[in-house]
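Remarks on the overall topology
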Amino acid sequence: PDLSSGINAEYGDGDIDHAWWGRPEDMTMERPAAKITTSKPGSELAAETAAALAAVSLVFKEDDPDYSAKCLKHAKELYQFADEHRGTYSDSIPDAGQFYKSWSGFN
């Protein structure tokens, strides 16, 4: 993927979302988006996503080798992004830190 514009990391406002007790389909409030970037990194988020894609590549390796290869390619790119742009996700996206703080970060 093109990671130059960042990686989508969070949708919504934690305070508003956690106060909502209805169906997600009925949410009509604004849903702001946040992303990790080279200047606002989130190594653990990028690396965890890379790990998930690598696992998916194993699942599809025999049945859909093209999709498997695509997942593995993107996993490697995300891992490289995580390694080259180190920083903690919850520091880069303060709203996320209120609810999903990374305590260990990427260490």
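These lines cover the structure that appears in this document, whether it is placed above or below. Just so we're clear, the structure is a prediction, and the values are computed from it rather than from any experiment. (Residues numbered from 1 in each chain as written. Predicted model: local features only at pLDDT ≥ 70, side-chain atom pairs only at ≥ 80, totals over all residues. Heavy atoms only, no water.)

1. Remarks on the packing of helix α2 (residues 43-59) against helix α3 (residues 65-84)
At their nearest, the axes of α2 and α3 sit 8 Å apart, and the two run at 160° to each other. Classified by the interaxial angle, the pair formed by α2 and α3 is roughly antiparallel. Taken as a pair, α2 and α3 cross one another with a handedness that is left-handed. Contact residues: α2 offers Ser43, Ala46, Ala47, Thr49, Ala50, Leu53, Ala54, Val56 and Ser57, while α3 offers Tyr67, Ser68, Cys71, Leu72, His74, Ala75, Leu78, Tyr79, Phe81 and Ala82. Classifying every residue of the contact of α2 with α3 gives 14 nonpolar, 5 polar and no charged. (Axes fitted to C-alpha atoms, helices over the stretch in contact; angles between N-to-C directions. Helix = DSSP H or I, 4+ residues; strand = E, 2+ residues; numbered from the N terminus. Parallel < 35°, antiparallel > 145°, perpendicular 65-115°, else oblique. Left-handed = near helix turned anticlockwise from the far one by under 90°. Contact = heavy atoms within 4.5 Å. Nonpolar A, V, L, I, M, F, W, Y, C, P; charged D, E, K, R; others polar.)

2. Side note on the nonpolar core
Within the largest apolar cluster, 12 residues are counted, these being Leu3, Ile7, Ile36, Leu45, Ala46, Ala50, Leu78, Phe81, Ala82, Tyr89, Ile93 and Ala96. Among the secondary structure elements, those contributing two or more residues to this core are α2 and α3. (Core = buried A, V, L, I, M, F, W, Y, C linked by side-chain atoms within 4.5 Å. Buried < 20%, exposed > 50% of the residue type's maximum accessible area, 1.4 Å probe, protein only.)

3. Some details on the packing of aromatic side chains
For the coordinates displayed, the defined rule picks out 2 aromatic pairs. Measuring from ring centre to ring centre gives 5.1 Å for phenylalanine 60 and tyrosine 67, while their planes differ by 90°; the resulting arrangement is edge-to-face. What makes tyrosine 67 partly exposed here is its relative accessible area of 37%. Taking the centre distance of 6.4 Å and the plane angle of 50° together, the rings of phenylalanine 99 and tyrosine 100 count as tilted. (Phe/Tyr/Trp six-rings, centres within 6.5 Å; stacked < 30°, edge-to-face > 60°.)

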